[in-house]
Amino acid sequence: MMRRAVTKRPFDPGPAAWNEILGARQANPPLTEKTTADFCVIGAGFAGLSAARRLRQIHSGAKIVVLEARQIAEGPAGRNSGFMIDLPHHLASKDYAGAVERDIKATTMNREAIAFAKEAMADYDMPSDALREDGKINAAASDKGHHHNLDYAKHLARMNEVHEVLDAKQMSEISGSTYYKSGLFTPGTVMLQPALYMRSLADGLKRDGVELFEKSPVTALTRNGMTWSVETPDGAVEADKVILSVNGHAESFGYFERRLMHIYLYASMTRPLTDEEKVKLGGRARWGFTPADPLGTTVRKIVSPQGTRIVVRNRFTWAPGRTVSESKLAAMARVHDRSFRKRFPGLKNVAMEYRWGGLLCLSRNGSNAFGEVDENLFSACCQNGLGTAMGTLSGKLAADLACGSFSPSLQTMLHQPDPQMLPPEPFASIGANAFMRWGEIKAGAEL
């Protein structure tokens, strides 16, 4: 018998705004007894719910149990900016690009994830705002950002990918802001209301017979021969196979130790704009901008149940302990206010209603923490900052692996090198903090 106690529970600073603006929902109950399952999925984010959906597709009669430490969409799955990006999006590069052949493979895999999400939307009759095929724009606020976009456009041309360079006038017509010098539109990104998508996916899985327990953090994993006992505070699941879909918290379970980099990224969402403010701003009803420099500011204009809002996201902090202080969140809020005012000086009286942080996980070499990490225990973790697309895909492929259903995408995932070891402390923290701060300084007006 082998037992692993879980050393840390997830920590999420601030409210999950995407979830809050949808209003209350009836949560699934916590696990309060011992039960058995063919498959137990730990984590109900993009990876976990995608794994559960794929398991149900392959084994229609299997008993599938999903355990979520929080409620649906309260964690990182409801804290991202809602871009499910098809094209290469390397956060550590100057313009998101890498080697052409590698990026073509990555794009193919990202599109597999998007197709899987779109099928789920159709199968579960999700609301139209859960997933919209709007594309996205890399927005450049500086000459350097503009040149990053032009370099990326050349890279996309080598990949034979459709794209359009937008000038300052076009960017102003789209956003209502004169802040941007140019943009690069690509049509393949789908835009999510991430909490709405996750809620709808969970509801669809429940109708399909998947058993989902919320507020059921896993406290320990015990292997007894070929089966697993997954313990929670008030119950346990005896399962033949387990899929671990907890992103960076794989380390809390004792896997990939000293191989994962934990980073908080921060966002703010305005109150609903008044009719007068919407007219004053102008532009399209909805749009989504990623920054031309990866360490710049992401901005979205959304239509929520209460009205039109604007979301800004920027600043990274290194968090090896997977927690962050309230004072840090307050400091990030001041940065967001400056970024918002620079872009929308005509909305100086528009306050932020929500502030939050979300934890993302990277590896030094860009590899996922994926595969069979113990007998009948499969990992779909470390999404390298691309949780919507890569989380969806890794969950799907982990289910395939658990069921022995192989595909070219699964073979690609399995042939990745392991995530690289990190330098010892304090060198890892010193290096990571210096890299992020210098990158944000270089981002300049893009921040």
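To be clear, the structure that these remarks concern was listed above.
Residues numbered from 1 in each chain as written. Predicted model: local features only at pLDDT ≥ 70, side-chain atom pairs only at ≥ 80, totals over all residues. Heavy atoms only, no water.

Draft legend 1. Looking closely at the environment of Leu205. Within the secondary structure layout, Leu205 lies in helix H6 (residues 194-207). Leu205 sits in the buried class, given a relative accessible area of 0%. Taking C-alpha positions, Leu205 is 18 Å from Ala69, a pair spaced 136 residues apart along the chain. (Helix = DSSP H or I, 4+ residues; strand = E, 2+ residues; numbered from the N terminus. Buried < 20%, exposed > 50% of the residue type's maximum accessible area, 1.4 Å probe, protein only.)

Draft legend 2. Fine view of the pattern of salt bridges. All told, the structure shown has 25 salt bridges when counted by the stated rule. Here Arg132 makes a salt bridge to Asp134, at a shortest N to O gap of 3.0 Å. Judged by relative accessible area, which is 25%, Arg132 ranks as partly exposed. Two residues, Arg315 and Glu440, come together in a salt bridge whose shortest N-O distance is 2.9 Å. (Salt bridge = Lys/Arg side-chain N within 4 Å of Asp/Glu carboxyl O.)

Draft legend 3. Layout of the packing of helix H2 (residues 46-58) against helix H3 (residues 100-123). Taken N-terminus to C-terminus, the directions of H2 and H3 make an angle of 70 degrees; their axes are 12 Å apart at the nearest point. Comparing their axes, H3 and H2 come out roughly perpendicular. Within the contact between the two elements, H2 uses Ser50, Arg53, Arg54 and Gln57 and H3 uses Phe116, Glu119, Ala120 and Asp123. Of the residues belonging to the contact of H2 with H3, the class tally is two nonpolar, two polar and four charged. (Axes fitted to C-alpha atoms, helices over the stretch in contact; angles between N-to-C directions. Parallel < 35°, antiparallel > 145°, perpendicular 65-115°, else oblique. Contact = heavy atoms within 4.5 Å. Nonpolar A, V, L, I, M, F, W, Y, C, P; charged D, E, K, R; others polar.)

Draft legend 4. How the structure looks around the sheet that holds strand S6 (residues 136-140). Spatial ordering of the open sheet is given by S7-S8-S6-S15-S16-S17-S14-S18, a layout of eight strands whose pairing is mixed. Edge positions in the sheet fall to strand S7 (164-167) and strand S18 (352-362), since each of these pairs with one other strand and no more. The mean inter-strand angle of the sheet, taken between neighbouring strand axes irrespective of direction, is 25 degrees. Across the sheet, helix H8 (residues 326-343) is in contact with strand S14 (261-270), strand S16 (298-304), strand S17 (307-318) and S18; its angle to S17 comes to roughly 125 degrees. Taken strand by strand, helix H11 (residues 427-443) contacts S14 and S17, and its axis lies near 135 degrees from that of S17. (Pairing = 2+ DSSP bridges.)

Draft legend 5. Structural context of the layout of surface pockets. For the largest pocket, the calculated volume is near 1,200 Å³. As for the largest pocket, its lining consists of 43 residues, of which His90, Asn365, Gly366, Ser367 and Asn384 are closest to the centre. Contributing elements (two or more residues each) for the lining of the largest pocket: H3, S14, S17, S18, helix H10 (408-414) and H11. Across the lining of the largest pocket, the residue classes tally to 24 nonpolar, 15 polar and four charged. Computed from the structure, the second largest pocket encloses a volume of approximately 320 Å³. Arg132, Asp134, Arg286, Arg300 and Lys301 are, among the 24 residues lining the second largest pocket, the residues nearest its centre. The set of elements that each furnish at least two residues to the lining of the second largest pocket consists of S6, strand S9 (190-192), strand S15 (287-291) and S16. The leading source of residues in the lining of the second largest pocket is S16, at five residues. Here the lining of the second largest pocket is built from residues that sort into twelve nonpolar, four polar and eight charged. (1 Å grid on protein atoms, 1.4 Å probe; cavity = no way out; pocket = protein on both sides within 12 Å on 5 of 7 lines; lining within 4 Å. Points joined across faces, edges and corners; volume = space filled by probe spheres on them.)

Draft legend 6. Spotlight on the nonpolar core. Counting 60 residues, the largest nonpolar core has Leu49, Tyr197, Ile243 and Met269 as the members making the most contacts within it. One finds Leu67, Val237, Ala239 and Cys361 within the second-largest nonpolar core, a separate group that totals 27 residues. (Core = buried A, V, L, I, M, F, W, Y, C linked by side-chain atoms within 4.5 Å.)

Draft legend 7. Representation of the packing of aromatic side chains in the model. Applying the stated criterion to the full structure yields seven aromatic pairs. Between Phe340 and Phe344, the aromatic rings sit 5.2 Å apart at their centres with planes inclined by 45 degrees, giving tilted as the arrangement. Taken individually, Phe340 and Phe344 each receive the classification buried, so the pair is uniform in this respect. Among the aromatic side chains, those forming a connected cluster through ring pairs are Tyr179, Tyr180, Trp287, Phe289, Phe340 and Phe344. Over the ring of Tyr255 we find Arg4; its NZ or CZ atom is 4.1 Å from the centre of that ring. One cation-aromatic arrangement involves Arg53 over Phe116; the distance from NZ or CZ to the ring centre is 5.3 Å. (Phe/Tyr/Trp six-rings, centres within 6.5 Å; stacked < 30°, edge-to-face > 60°. Lys NZ or Arg CZ within 6 Å of the ring centre and 35° of its normal.)

Draft legend 8. A look at the pairing of strand S12 (residues 227-231). Pairing geometry for strand S11 (residues 220-224) and S12, over five bridges, is antiparallel. Within S12, the residue paired with Asn224 across the bridge is Thr227. The turn linking S11 back onto S12 is made up of two residues, and Gly225 within it adopts a positive phi angle of 70 degrees. Where S12 lies against strand S13 (residues 236-244), four bridges are found, and the strand directions are antiparallel.

Draft legend 9. How the structure looks around the sheet that holds S9. Sheet architecture is open: three strands sit in the order S4-S9-S5, paired in antiparallel fashion. With partners counted over all chains shown, the strands left at the sheet margins are strand S4 (83-84) and strand S5 (131-132), one partner each. As defined by bridge partners, S5 adjoins S9 across two bridges and the pair is classed as antiparallel. Looking at the pairing, Leu131 lines up with Leu192 of S9.

Draft legend 10. Region of the structure containing the state of the cysteines. Overall, the coordinates contain zero disulfides when judged by the stated rule. Looking at Cys40, it has no disulfide partner, and the nearest cysteine sulfur is the one in Cys381, 13 Å off. For Cys40, a relative accessible area of 1% translates into the label buried. Free cysteine: Cys381, not disulfide-bonded; nearest cysteine sulfur from Cys361 at 7.8 Å. Residue Cys381 is classed as buried on the basis of its relative accessible area of 1%. (Disulfide = S-S within 2.5 Å.)

Draft legend 11. Looking closely at unusual backbone geometry. Here the amide bond leading from Glu425 into Pro426 is cis, since omega sits at 10 degrees, within 30 degrees of zero. Mapped onto the elements of the fold, Pro426 is located in the loop between H10 and H11. Positive phi is not limited to glycine here, since Ala73 has a value of about 70 degrees. Here Ala73 shows up in the loop between strand S3 (64-67) and S4. Relative accessible area serves as the criterion here: at 5%, Ala73 is assigned to the buried category. With a phi close to 60 degrees, Asn160 is a non-glycine residue in the positive phi region. Looking at the secondary structure, you find Asn160 in the loop between helix H4 (143-158) and S7.

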